[in-house]
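# Summary of structural features
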Amino acid sequence: MSKKNKHRHQQQQQQAKAPSSSPMAQATPLVVAPAAPETPAAALAAITEANDAVVAEATEEELNVALATPPSSEASNLDLIAAAKRIDETLALLKARSDRLAKREEELGALEGTVLARDEELNARATTLEDAERGAKEAHARAKQAEEDLRTRELDLQGREVAIRERELNAEAGFAAERRASLKQLDDEAVTLRDELSKARAQIAKERADWEAQRRAEDERWRDEQKRAAAMHESAIAETERSSAEQLRVERELLSKERAELKKRAAQVELERDVLREDREAFDERVARRAAHELETAKAKQKDVEARLASAQASRDELYEKLRLRDEAERALGNRPLDEVKKELDSLIRERDSLKALLAKRPNHDVTERLASLERAQEEWESERARLTQESVAARTALAKASIAVTELETLRDQKAALESARDLLHTALEELRKDVNERIRRADGVSPFPACSQMDGDSGLQTQTPVTDEISDLKAFCQDLQHRIAIDPANPDKVLFYELRDIRCFLGGLAMSRLHLLQGISGTGKTSLPLAVARALGAGSTLVEVQAGWRDRQDLVGHFNAFERRFYESEFLQALYRAQCPRYSGLVNIVVLDEMNLSHPEQYFADLLSALEQDPHLQKLDLMTAPVEPAPANLRNGRTLTIPQNVWFVGTANHDETTKDFADKTYDRAHVMELPRNRAQFQPQRLPARAPVSFDAVRAAFAKAQQAHEAKAKEAYAFVDGSFADLLGRRFGVGWGNRLERQMLDFVPVVVAAGGTVGEAVDHILATKLLRKVRDRHDTRPEDLTALSERIAEAWPKLDKTTGAVRSMAIVRDELRRLGAEEEA
């Protein structure tokens, strides 16, 4: 019960205890003429206050007049009867209002039951939210612990990686220091031996005549001993080399295993970091939703507190008003002491009682009974008023609680309205998507899933053959012609491309050897321009495909099928393969350039092509669909398979830096590899007349003619490589090869020779790009092995070609010796 209601209830009880049957109330009509009260409690209070006011305002003369009035006065009886009638009317009105108040109390009881049920539901939801919050906190704690564990493991892995690097560097430094110490010791021994030899020769020259016979015997004995010592020394050296090689092999295996384990654990750490990041994002999203909900709840609570504050402020203002009225009453009483006021009030009460006794003697018996019944009715009214007052206070309390529940209900209703609005938006978007899908399906009926390829089938320019050059009489002259046509582009005459004849011969030999080319070199050396310029000079078809760093599988290269749209998204690469089969380009050479090929792993997105190029020509194909489609393009076999045409070459350009990937050995072994020089000699290009495009059959026939004419030289070249370097490279470097190298040399060497090159030039390229490439940047390479390889090349090369040296091969060996810090020994 609030302070305001408690104070009002005390006032009503005091008024109920005060006597109301004073003589003045019977003599004065003010008592029985009140205004129509709004409630029974208000009516009783009004009657009591009016009665007290009449007694208080009555003067002594009025009291004397009232006492002097005879009890049988007709006017007094009429007034009492009229007052009784008005009191009856007031009682009827009070009864009607009491019935309405009881009905309203029933409604408040029902509302209170609803509010209690709502309170229980809200308490259950609050418990559920608290459990969810505890679960979120526990998940957050577990996520933090997992993050700490991952950070510890990452630091451990970094420490182990640093330790391995230090071991590698120490191993390299230890090997170099050991070699230098050994060489220094040998130099010291050589100087000592030279000094001793000089002294021995002087002694022998001085005593030659006397000790000739003895010297001969000693010389023979000394030679025998030297031979035995040399044999023992060589045996010891061989044993040392074998033990050192075995130890290095074991250490290499251990290091390889540790590197593999580190890579595996690093991949696992990266995966766990991704999972943790996803969990953290999901947790942040849940926390954000929880925070939004808590914010809405806090706003609702704030509104409720503000309402309660306003109610408390109103109660405070009412109490202040009552306090002011009390102060005014005390000032009206002259600020007299309470004892004095009480004495005066007791005196007035005694006077009132005496007057009441006198007045009670005057009325007749009927009036007295009527007054007694009225007094009893008044007491009943007062007790009823007290009960109704208590019930009213309880109803107001229930109403306040209901107001709080209604506020929360309004908040939930707003949230429900927002969710329903979002649901309606989603339904609308879903319906629009459904209409769009149906429309696309309707439009796709009767349309080819390969729009670009089908458009090529209907392109008259691609379906018409053009005149071509059917013969290449001399590859050497053809190579020189290509050099000048490559240099000048009619579409861009200001840009001149200078490529040496050696590079053009090597590129043509690569076309004969393999359909996959790898062009390497620093940026700006013309890796991308060379294949495009060769295609332009040949009148061939060319397509530039820019490889992206995120490519992972064949779909990134070829394209993918969208089942909803019933459409295959054809990439530039796929369109180039299909265009090469159209009549316009089917008889020409076609070059597809994969720019920056090693931004992603070619062994992943180019894997199907690498495998297909190793098979027989009639088996070289790409399965684009799992099932046939209709209508399919004309060059698609069985409605789903695209043949890889034989007139297409794939040329990939590659840089080697921190943003690129390394090629696998199998890719290098299958491809024709070229490394373009930094600087090229310039020449005066000639503007040659236009000619018809060179046909694919003419190029293939020229290659076949060269291979037939120079087959013997190619076989001698392979025999030279196999006989001169197989043992040395296999035993000291672990480098070997198979039949593929023989087949590639039989195709490559004749074309280079027929184009104006030499056997030495061709073998130098094969040796450098196919074999010595595997010697580069190895930690287990010894300088003495490289020195032996350099000596073997210098010794054996004149047997192959005396006019052309092994320039590129010797450059690789020198670079490796320089890397190991052994230039002087080389």
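For the structure given in this document, a descriptive report is provided here. (Residues numbered from 1 in each chain as written. Predicted model: local features only at pLDDT ≥ 70, side-chain atom pairs only at ≥ 80, totals over all residues. Heavy atoms only, no water.)

## Points about the overall build of the protein chain
Helix and strand content of the protein chain: 24 helices and 12 strands. Out of the 826 residues in the protein chain, the part that is buried amounts to 33%. Counted over contacts in the protein chain with a minimum sequence separation of 6, partners at least 24 positions apart contribute 82%. Within the structure as shown, the protein chain displays about 50000 Å² of accessible surface, and the carbon and sulfur contribution to it stands at 53%. (Helix = DSSP H or I, 4+ residues; strand = E, 2+ residues; numbered from the N terminus. Buried < 20%, exposed > 50% of the residue type's maximum accessible area, 1.4 Å probe, protein only. Contact = heavy atoms within 4.5 Å. Areas by Shrake-Rupley, 256 points an atom, 1.4 Å probe, with all protein chains shown as cover.)

## Here we look at the pattern of salt bridges
By the definition in use, this model includes 36 salt bridges. The salt bridge involving Arg773 is made with Asp665; its shortest N-O contact spans 3.6 Å. Placement of the pair is Arg773 in the loop between α22 (759-771) and α23 (783-800) and Asp665 in helix α18 (residues 665-670), with a sequence separation of 108 residues. Residue Arg819 is joined to Asp777 by a salt bridge in which the shortest nitrogen-to-oxygen separation is 4.0 Å. Taken as a pair, Arg819 in helix α24 (residues 807-819) and Asp777 in the loop between α22 and α23 lie far apart in primary sequence, 42 residues in all. Exposure remark for Asp777: the relative accessible area of 58% places this residue in the exposed category. Put simply, Arg732, Arg782, Glu784 and Asp785 are held in one network by salt bridges that share partners. (Salt bridge = Lys/Arg side-chain N within 4 Å of Asp/Glu carboxyl O.)

## Let's talk about unusual backbone geometry
Glu630 connects to Pro631 through a cis peptide bond whose omega is -10 degrees. Structurally, Pro631 is set in the loop between β8 (621-623) and β9 (636-637). In this structure, Glu596 takes a positive phi of about 55 degrees despite not being glycine. Following the sequence through the fold, Glu596 ends up in the loop between β7 (590-595) and α16 (602-605). When its relative accessible area of 25% is taken as the criterion, Glu596 is described as partly exposed. Within the chain, Asn638 stands out as a residue other than glycine whose phi angle is a positive 55 degrees. Along the chain, Asn638 falls in the loop between β9 and β10 (641-643). Under the relative-accessibility criterion, Asn638 is labelled exposed at 64%.

## Brief notes about the nonpolar core
If you look at the biggest cluster of nonpolar residues, it comprises 79 residues, and the most contacted ones within it are Leu475, Ile486, Met745, Val763, Leu772, Leu789 and Ile793. The greatest single-element share of this core, amounting to 9 residues, is contributed by helix α20 (residues 711-733). When residues no more than four places from it in sequence are discounted, the contact partners of Leu772 are Leu729, Leu767, Leu789, Ile793, Ser809, Ile812 and Val813. (Core = buried A, V, L, I, M, F, W, Y, C linked by side-chain atoms within 4.5 Å.)

## A few points about the environment of Arg277
Note that Arg277 resides in helix α6 (residues 212-332). Among the polar contacts listed, one links the side chain of Arg277 to the side chain of Asp274, at a separation of 2.9 Å. (Polar contact = N/O pair within 3.5 Å; in protein donor to acceptor, adjacent residues only side chain to side chain.)

## Some points on the sheet that holds β8
Think of a sheet as strands paired side by side through backbone hydrogen bonds, with each pair either parallel or antiparallel. A sheet is described by the order of its strands in space; here 3 strands give the open sequence β8-β10-β9, paired in antiparallel fashion. Of all the strands in the sheet, the pair left with one neighbour each is β8 and β9. Across 2 bridges, β9 lies against β10 in antiparallel orientation. Residue Leu636 lies in a different strand from β10, and its bridge partner there is Leu642. (Pairing = 2+ DSSP bridges.)

## Observations concerning helix α9 (residues 451-458)
Along α9, the positions that sit buried rather than exposed are Ala452, Cys453 and Met456. End-on, the buried residues of α9 take up no more than an arc of 100 degrees, which puts them together on one face. Residues of α9 that are exposed and point over 90 degrees away from its buried face: Gln455 and Gly458. For α9, the elements touching its buried residues are β6 (567-570) and α14 (572-579). (Arc of directions from axis to C-beta.)

## Some details on the pairing of strand β2 (residues 492-496)
For strand β1 (residues 488-489) and β2, the ladder comprises 2 bridges, and the chain directions are antiparallel. Considered in β2, the bridge of Asp489 is made with Asn492. With antiparallel pairing between neighbouring strands as the criterion, β1 and β2 make up a hairpin whose turn holds 2 residues.

## With respect to the packing of aromatic side chains
Counting across every chain of the model gives 10 aromatic pairs. Look at Phe573 and Phe606: their rings are 6.5 Å apart centre to centre, the planes differ by 80 degrees, and that puts the pair in the edge-to-face class. Separated by 33 residues along the polypeptide, Phe573 in helix α14 and Phe606 in the loop between α16 and α17 (607-613) bring together distant segments of the chain. Grouping aromatic residues by their ring pairs yields a cluster made of Phe573, Phe606 and Phe650. Geometry around Tyr585 places Arg584 over its ring, the cationic atom sitting 4.8 Å from the centre. Just above the ring of Tyr499 sits the side chain of Arg680; from NZ or CZ to the centre is 4.5 Å. (Phe/Tyr/Trp six-rings, centres within 6.5 Å; stacked < 30°, edge-to-face > 60°. Lys NZ or Arg CZ within 6 Å of the ring centre and 35° of its normal.)

## Digging into the sheet that holds β7
Pairing is parallel across the open sheet formed by 5 strands, whose spatial order is β4-β7-β11-β3-β12. Edge positions in the open sheet fall to β4 (541-546) and β12 (672-675), since each of these has one partner strand only. Direction aside, the axes of adjacent strands within the sheet are offset by 20 degrees on average. In terms of strand pairing, β4 meets β7 through 6 bridges, oriented parallel. Residue pairing across strands places Leu544 opposite Val593, the latter belonging to β7. (Axes fitted to C-alpha atoms, helices over the stretch in contact; angles between N-to-C directions.)

## Side note on the side chain of Gln520
When you line up the elements, Gln520 lands in strand β3 (residues 516-520). Residue classification places Gln520 among the buried residues on the basis of a relative accessible area of 9%. Within polar-contact distance, the side chain of Gln520 engages the side chain of His656 at 2.9 Å. Among the polar contacts made by the side chain of Gln520, one reaches the side chain of Tyr668 at a distance of 2.7 Å. Apart from the residues within four sequence positions on either side, Gln520 is in contact with Lys527, Ala654, His656, Phe663, Tyr668, Val673, Met674, Glu675 and Leu676.

## Concerning a negative patch on the surface
A cluster of like negative charges, contributed by Glu278, Asp279, Glu281 and Asp284, occupies part of the molecular surface. If you trace the backbone, Asp284 turns up in helix α6. For Asp284, a relative accessible area of 43% corresponds to the partly exposed category. (Patch = residues over 30% accessible without salt bridge, like charges linked within 9 Å, V, L, I, M, F, W, Y side chains within 5 Å. Lys, Arg positive; Asp, Glu negative; His and termini not counted. Charge placed at Lys NZ, Arg CZ, Asp CG, Glu CD.)

## Considerations on α14
By the criterion of burial, α14 is predominantly enclosed, with 6 of the 8 residues buried. All of the buried residues in α14 are Phe573, Leu574, Gln575, Ala576, Leu577 and Tyr578.

## Comments concerning the side chain of Asn598
As for its position among the elements, Asn598 is in the loop between β7 and α16. In this structure Asn598 comes out as buried when scored by relative accessible area, which is 0%. If near-sequence neighbours (up to four positions away) are discounted, Asn598 is found in contact with Thr653, Ala654, Asn655, His656, Thr660, Lys661 and Phe663.

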